[in-house]
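Examination of the molecular architecture
Each chain, letter by letter, is given below.
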Amino acid sequence: MKGPYQVIFTARARGDLLAVRRWLHQPGSGLKARLRSARITRAIVELQFTPFRWPEHDVSGVRERPIEGHRILYRIDDGGRTISIIRVFGPFQDRSHV
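Our subject in this report is the structure included herewith. (Residues numbered from 1 in each chain as written. Predicted model: local features only at pLDDT ≥ 70, side-chain atom pairs only at ≥ 80, totals over all residues. Heavy atoms only, no water.)

1. Comments concerning the overall build of the chain
Assigned secondary structure in the chain consists of 2 helices and 4 strands. In the chain, the succession of helices and strands from N to C terminus is β-α-α-β-β-β. Taken over C-alpha atoms, the radius of gyration comes to 14 Å for the chain, in line with the 13 Å a tight globule of 98 residues would show. Each of the three principal axes of the chain carries a C-alpha extent, and together these read 45 × 30 × 20 Å. Looking at the 98 residues of the chain, the share that counts as buried comes to 34%. Counting only contacts in the chain whose residues sit at least 6 apart along the sequence, the fraction spanning at least 24 positions is 46%. Per element, the accessible surface of the chain, about 6,200 Å² overall, is 55% carbon and sulfur. Of the side-chain charges in the chain, 18 are positive and 9 negative, and the distance between the mean point of each set is 7 Å. (Helix = DSSP H or I, 4+ residues; strand = E, 2+ residues; numbered from the N terminus. Rg over C-alpha atoms; globule rule 2.2 N^0.38 Å. Buried < 20%, exposed > 50% of the residue type's maximum accessible area, 1.4 Å probe, protein only. Contact = heavy atoms within 4.5 Å. Areas by Shrake-Rupley, 256 points an atom, 1.4 Å probe, with all protein chains shown as cover. Lys, Arg positive; Asp, Glu negative; His and termini not counted. Charge placed at Lys NZ, Arg CZ, Asp CG, Glu CD.)

Shown next as structure tokens:
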């Protein structure tokens, strides 16, 4: 059996994830928001073990992992054993710019 995939982030995905974390960790957000943030992070980590589990997005070659109302869009390079996180969209956020 081959080992886990390596997870890498595009610059836009890093910015998306930072914005999500800022929103969920703002003063007064509470435990529920912090747990949501932790579940989003855990979902990204889990992709390295089960990248093919989630369905393809409207864009060819892109997969979509729903979690806590957010959408993690990613590509799999099976030969290189990498997962590229392309974007992390929040609930009701325009997803037309992948």
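2. With respect to unusual backbone geometry
One non-glycine residue, Glu 68, lies in the positive phi region at around 55°. You can see Glu 68 is positioned in the loop between strand S2 (62-67) and strand S3 (70-77). Given a relative accessible area of 26%, Glu 68 falls into the partly exposed group. A positive phi angle, near 55°, is found at Arg 81, a position not held by glycine. Tracing the chain through its elements places Arg 81 in the loop between S3 and strand S4 (82-89).

3. Focus on helix H2 (residues 30-46)
Structurally, the α-helix is built with 3.6 residues per turn, so residues lying three or four positions apart point the same way. Between the first and last C-alpha of H2 there are 25 Å, a value that for 17 residues agrees with the 24 Å anticipated at 1.5 Å per step. Among the residues making up H2, those that are buried are Ala 33, Ser 37, Ile 40, Ala 43 and Ile 44. Here the buried residues of H2 occupy an arc of 120° about the axis, which is enough to place them on one side. Turned more than 90 degrees off the buried face of H2, the exposed positions are Leu 31 and Lys 32. Buried positions along H2 lie against strand S1 (6-9), helix H1 (11-24), S2, S3 and S4. (Expected span 1.5 Å × (residues − 1). Arc of directions from axis to C-beta.)

4. Side note on the sheet that holds S1
Strand order in the open sheet formed by 4 strands is S1-S4-S3-S2, with mixed pairing between adjacent strands. A single partner strand is all that each edge strand has here, and the edge strands are S1 and S2. Between one strand axis and the next, the sheet turns through 35° on average, direction left out of account. The strands touched by H1 within the sheet are S1, S3 and S4, with S4 carrying the most contacts at an inclination of about 50°. (Pairing = 2+ DSSP bridges. Axes fitted to C-alpha atoms, helices over the stretch in contact; angles between N-to-C directions.)

Read these as geometric descriptors, not functional statements.
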